[in-house]
Structures are given as C-alpha cells and as structure tokens.
Amino acid sequence: QVQLVESGGGLVQAGGSLRLSCASSESFVRLNRMGWYRQAPGKQRELVASITSFGTTVYADSVKGRFTISRDNAKNTVYLQMNSLKPEDTAVYYCNVRTTSMETYWGQGTQVTVSS
C-alpha cells in the first residue's frame, strides 16, 4: 500500500502561482509513473500532467506552458508548479502514482481555487 500526502493547495488570484507537493511512502525506484489529475465540480477527473521514471512528461493542452511537473527522487516527492493561474484551473487536484507492479494509488486531494 502506497501512501500519498499532498500539500500546497489554496486560494490565489488569477495570474498567481502555487506549487503542489505529493510525498510518497514508496520509493520512486518502485514507481514508474507519477501524475497530477484534477476534478472540477460537475466535471470528470482529468489528467493535468505526468512524469515517468525516465523523466518523460505529458501535459494537458490547457496547462502547457504554465504548469511544470517535476520530481525529487531523494525525497520521493513529485511537484506541480502552477503559474499564470486562471479561474478555470479551480479544482481539486489529486496526486496519482503507478508502481512497477502496475498498481495505482491516489492522494486525498488538495483544493486549488483561483479567483478572478
């Protein structure tokens, strides 16, 4: 069982920045993919960004150029730097990891609210 602890959400004005963190109880050696998803009220959960153990990144078109996903292997932590935030970025953001055994785990979610 992998435990994920998220932090960094909050309320920010449009144009501002936030950095989300997700600390894993499992070593990154056993994780082959880490990502951030988000779910706005009344909408489906969607992929925001992901990064593989090889460092390959994928971004949703809506966040390209504004968000950056990164990881710190020593701290078993994945980050999502969010710049130029827009009201439509408002959602609950979830950390997601996939192990080398193809198991998937989710964090508890952290609220991001962007005011106009």
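Scroll up to find the structure.
Presented here is an overview of the structure given in this document. (Residues numbered from 1 in each chain as written. Predicted model: local features only at pLDDT ≥ 70, side-chain atom pairs only at ≥ 80, totals over all residues. Heavy atoms only, no water.)

Re the sheet that holds strand β1 (residues 4-7)
Note the following rule: Criterion used throughout: strands pair if DSSP finds at least two bridges between them. Under the DSSP-based scheme used, a helix requires at least four consecutive residues in state H or I and a strand at least two consecutive residues in state E, with every element numbered from the N terminus. All axes here are fitted lines through C-alpha atoms, helices being fitted over the stretch that makes contact, and every angle between N-to-C directions spans 0 to 180 degrees.
Read across the sheet, four strands follow the order β1-β3-β8-β7 without closing on themselves; strand pairing throughout is antiparallel. Among the strands making up the open sheet, the edge pair consists of β1 and β7 (67-72). Recorded for the sheet is a direction-independent mean angle of 15° between the axes of neighbouring strands. Relative to strand β3 (residues 18-24), β1 runs antiparallel, the two being bridged by four bridges. Across the sheet, the residue bridging to Ser-7 is Ser-21, located in β3.

Focus: the pattern of salt bridges
Under the convention used in this document: Here a salt bridge means any side-chain nitrogen of Lys or Arg lying within 4 Å of a carboxyl oxygen belonging to Asp or Glu. Relative accessibility under 20% of the residue-type maximum defines a buried residue, over 50% an exposed one, and the middle range a partly exposed one, all with a 1.4 Å probe and only protein chains included.
Enumeration over the complete set of coordinates arrives at five salt bridges. Between Arg-38 and Glu-46 there is a salt bridge, and its shortest N-O distance comes to 2.7 Å. Using a relative accessible area of 5% as the deciding quantity, one classes Arg-38 as buried. We classify Glu-46 as partly exposed; its relative accessible area is 36%.

Description of the state of the cysteines
Throughout this description, disulfide means a covalent bond between two cysteine sulfur atoms. What counts is decided by this rule: Any two cysteine sulfur atoms lying within 2.5 Å of each other are counted as a disulfide.
Evaluated as defined, the whole model comprises one disulfide. Across the disulfide, Cys-22 is cross-linked to Cys-95 (sulfur-sulfur distance 2.1 Å). Linking Cys-22 and Cys-95, the disulfide has an S-S dihedral of approximately -80° and is accordingly described as left-handed. Here Cys-22, found in strand β3, pairs with Cys-95, found in strand β9 (residues 91-99); they are 73 residues apart in sequence, far enough to count as distant.

Without other data, these values stay purely geometric and don't point to any function.
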